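Spelled out from the first residue to the last, the chains are:
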Amino acid sequence: MNIIKLDAINSTNDYLKGLLQQQFVENFTIVTAENQTEGKGQMGSKWNVESGKNLTFSVLVKDLLLEVNQIFHLNVATAVSIIEALSFLEIKDLAIKWPNDILAEGKKIGGILIENSIKSNGEIFSIIGIGLNVNQRDFENLPKASSLSLLLGRELDKEAILIPIIECLIRNVSLILNKNTQSIWEKYHACLYKKGIPMPFENIKGNKFMGIINGVDQSGKLHLTLEDDFVKSYEIKEIRMLY
């Protein structure tokens, strides 16, 4: 594995994007940072972490996606890879909250941001940004956040968690490459938070409603059964679950 370790950087995703513009970068190159000052979440939200305590890293994936409509396969493969890699820690109730949050015991321990660049020749480069709360124990004003250390009651070796995630990711990406995505989609849906359970949601207009999660389609839309038994699909950030 080609791992670039940095002490501090604004964003590992941005660093990797800049590196791609300057030189050839090997597939599955990883950039890690002890302190990320401008970490990003979905739709431009901030991802703030305590310096040196957590895993913040980005992974380059290229020569994989051939069509834009395949992009969400990579989100699914990444989320499933994190769940698989953490399963050896025997953490209770690991789950994927649509679209890209990693939960344990109902609290957020990680997030994923994938940025895709489509070249003029149609080639798609993907940079997978992952933030995982490992040894941070103070989450002031973040009651829905937790970490592996809080869940397990001990400090963990961050690299001992990083390497299995990458190994799982490489294996699951190969399934996409071989057009064998059924198993990772099955795992994704098996881990989907609150699937099949009536839950309150809020749309972008602030209107609240009840819905039951049926699943996620290959474009990344969430499918809900509403109170009138009508099934409706929602784009990322059109709604949020209230929990």
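Residues numbered from 1 in each chain as written. Predicted model: local features only at pLDDT ≥ 70, side-chain atom pairs only at ≥ 80, totals over all residues. Heavy atoms only, no water.

**Overview of the overall build of the protein**
Here's step 1: The number of helices and strands found in the protein is five helices and twelve strands.
Here's step 2: The globule rule puts the C-alpha radius of gyration for 243 residues at 18 Å, and the 18 Å found for the protein is close to it.
Here's step 3: Across its three principal axes, the protein shows a C-alpha extent of roughly 55 × 45 × 35 Å.
Here's step 4: Counting across all 243 residues of the protein, residues that qualify as buried make up 50%.
Here's step 5: When contacts within the protein are restricted to residue pairs at least 6 apart in sequence, those whose partners lie at least 24 apart make up 62%.
Here's step 6: Across the protein, the 26 positively charged side chains and the 29 negatively charged ones have centroids separated by 3 Å. (Helix = DSSP H or I, 4+ residues; strand = E, 2+ residues; numbered from the N terminus. Rg over C-alpha atoms; globule rule 2.2 N^0.38 Å. Buried < 20%, exposed > 50% of the residue type's maximum accessible area, 1.4 Å probe, protein only. Contact = heavy atoms within 4.5 Å. Lys, Arg positive; Asp, Glu negative; His and termini not counted. Charge placed at Lys NZ, Arg CZ, Asp CG, Glu CD.)

**Comments concerning the confidence of the model for the protein**
Here's step 1: Chain-level pLDDT for the protein is 91 on average; 94% of the residues reach the 70-or-more range.
Here's step 2: Considering only residues more than four positions removed or in separate chains, one finds that residues 42–47, a stretch of pLDDT under 50, has 20 contacts. (pLDDT = per-residue confidence, 0-100.)

**Here we look at the sheet that holds strand β5 (residues 101–104)**
Here's step 1: Across the sheet, which stays open at both edges, the seven strands sit in the order β1-β2-β3-β7-β6-β5-β4 with mixed pairing between neighbours. Of all strands in the sheet, those bounded by a partner on one side alone are β1 (3–9) and β4 (94–97). Taking each pair of neighbouring strands and ignoring which way they run, the sheet shows an average axis angle of 20 degrees.
Here's step 2: Summarising the sheet, β4 and β5 pair through four bridges and their orientation is antiparallel. Across the sheet, Leu94 pairs through a bridge with Ala104, a residue of β5.
Here's step 3: The strands touched by helix α2 (residues 71–86) within the sheet are β4, β5, β6 (107–118) and β7 (124–132), with β6 carrying the most contacts at an inclination of about 145 degrees.
Here's step 4: Together, β1, β2 (30–36), β3 (55–61) and β7 form the strand contacts of helix α4 (residues 158–177), whose direction differs from that of β3 by roughly 25 degrees. (Pairing = 2+ DSSP bridges. Axes fitted to C-alpha atoms, helices over the stretch in contact; angles between N-to-C directions.)

**Thoughts on the nonpolar core**
Here's step 1: Ranked by size, the top nonpolar core spans 61 residues in total, and within it Leu148 and Tyr188 carry the most contacts.
Here's step 2: Looking at which element gives the most residues to this core, the answer is α2, with ten residues.
Here's step 3: Contacts of Tyr188, omitting those with residues within four sequence positions, involve Phe72, Val76, Ala79, Val80, Ile96, Trp98, Pro99 and Val216.
Here's step 4: Grouped together as the second largest cluster of nonpolar side chains are ten residues, Ile9, Leu16, Ala33 and Phe125 included. (Core = buried A, V, L, I, M, F, W, Y, C linked by side-chain atoms within 4.5 Å.)

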